[in-house]
Each structure stands twice: as C-alpha cells, then as structure tokens.
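The primary structure of each chain is shown beneath.
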Amino acid sequence: YSGLEVVAWARKAEELGAGELVITSVDKEGTGEGYDIELIKSISEAVSIPVIAHGGASSTENIIRAIQVGKADAIAIASILHYSVMQSFSNTSSDYQEEGNISFLSSGKIPKKIIPSSLKEIRAALIKAQIPTRY
C-alpha cells in the first residue's frame, strides 16, 4: 500500500511530465475478469494525457468496454493473444517446451474466462463497435 490516492497520483505524474499512463489494477491483472473500468474511467477523466488500460482482458468485449465506458485511449493485452497464437502452432520448438509459460501455453489449457482472439479479430470487433483503429 503506497498511501497515495490513485487519481491524485495520476494528476501528479501528469504534472511532473508523464506523457501517458498505463493503468493496471493489481486486483484484475491475470484474472481474465476484464479491466477495472471504474479505475480507468476515473483516471481518464482526471488527466489530459493518454491513458492505457492494462490487466485483466479476456475478450474483445472487455477491450471495447475499456475504451467506450472506461474512456481509455489505448489498451494493452497479452493473454488473449498468447492463447490465440499458441492455438495456431502445431509444433513448438522442443528447445522452448520447458520454459516458463511456453510449457503451459503449449498444453492447450486455456483458462475458462479467456476467449483467444487474434489481432485481426480484435480489430474487426473494434471497427464494428465504431472505435477508430490504426493498421
């Protein structure tokens, strides 16, 4: 516990020259339960620099909600892409089979809350939701 109130700290970071803020809720990170929308929204409304939502995304719906409701300027994602990529590999090099998450990802086990998506699928969902994307 830092003793700092998060919105006040975000404002202070902006005041000190931060060009953007990556917001990660430790309560959501790695859970696949979606971003902490209220946290992202409170910071997005309090600062004028870009806010990047990070931690907890498990679906394209989570991403869209972080942007539309949480007012995030950008999103950071990992797991839904990792699982999508691993599903596309029929053979992973044996040199990496026992390293960290490679072994777990190669097992084919996907946490129930995570819906694997490719960048192409995520982009299509964003466009459908009328959220501008860059290619």
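Note that the structure is a prediction, hence the values are computed from the model and not measured. (Residues numbered from 1 in each chain as written. Predicted model: local features only at pLDDT ≥ 70, side-chain atom pairs only at ≥ 80, totals over all residues. Heavy atoms only, no water.)

Draft legend 1. Just the overall build of the protein chain, in detail. Counting its regular elements, the protein chain contains 6 helices and 3 strands. Helices and strands in the protein chain line up, N terminus first, as α-β-α-β-α-β-α-α-α. The buried share among the 135 residues of the protein chain stands at 33%. Contacts in the protein chain between residues far apart in sequence, at least 24 positions, make up 61% of those at least 6 positions apart. Just so you have it, the protein chain exposes about 8900 Å², and 51% of that area is on carbon and sulfur atoms. (Helix = DSSP H or I, 4+ residues; strand = E, 2+ residues; numbered from the N terminus. Buried < 20%, exposed > 50% of the residue type's maximum accessible area, 1.4 Å probe, protein only. Contact = heavy atoms within 4.5 Å. Areas by Shrake-Rupley, 256 points an atom, 1.4 Å probe, with all protein chains shown as cover.)

Draft legend 2. Structural view of helix α1 (residues 6–15). Val7, Ala10 and Ala13 are the residues of α1 that are buried. Down the axis of α1, the sector holding all buried residues measures 120 degrees, keeping them to one side. Residues of α1 that are buried make contact with β1 (21–24) and α2 (37–46). The opening residue of α1, the one whose side-chain oxygen lies 3.2 Å from the backbone nitrogen of Val7, is Glu5. Positive phi appears at Gly17, one or two residues downstream of α1, with a value of about 110 degrees. (Arc of directions from axis to C-beta. Polar contact = N/O pair within 3.5 Å; in protein donor to acceptor, adjacent residues only side chain to side chain.)

Draft legend 3. The arrangement of the nonpolar core in detail. Formed by 28 residues in total, the largest nonpolar core has its most connected members in Leu21, Tyr35 and Ile43. Broken down by element, this core gets its largest block of residues, 5 residues, from α2. Discounting residues that sit within four places of it in the chain, Leu21 has contacts with Ala10, Ala13, Ile43, Val47, Ile49, Pro50, Val51 and Ile52. (Core = buried A, V, L, I, M, F, W, Y, C linked by side-chain atoms within 4.5 Å.)

Draft legend 4. Representation of unusual backbone geometry in the model. One non-glycine residue, Lys71, lies in the positive phi region at around 65 degrees. Residue placement: Lys71 occurs in the loop between α3 (60–68) and β3 (74–76). Residue classification places Lys71 among the partly exposed positions, given a relative accessible area of 42%. Positive phi outside glycine occurs at Gln130, with the angle close to 60 degrees. Along the chain, the position of Gln130 falls in the segment after α6 (119–128).

Draft legend 5. Structural detail: the packing of α3 against α6. It is the contact of α3 with α6, at a shortest axis distance of 10 Å, that shows an interaxial angle of 45 degrees. Classified by the interaxial angle, the pair formed by α3 and α6 is oblique. Where α3 crosses over α6, the two elements pack in a sense that is right-handed. Within the contact between the two elements, α3 uses Thr60, Ile63, Ile64 and Ile67 and α6 uses Glu121, Ile122, Ala125 and Leu126. (Axes fitted to C-alpha atoms, helices over the stretch in contact; angles between N-to-C directions. Parallel < 35°, antiparallel > 145°, perpendicular 65-115°, else oblique. Left-handed = near helix turned anticlockwise from the far one by under 90°.)

That's the geometry; what it means functionally is another story.
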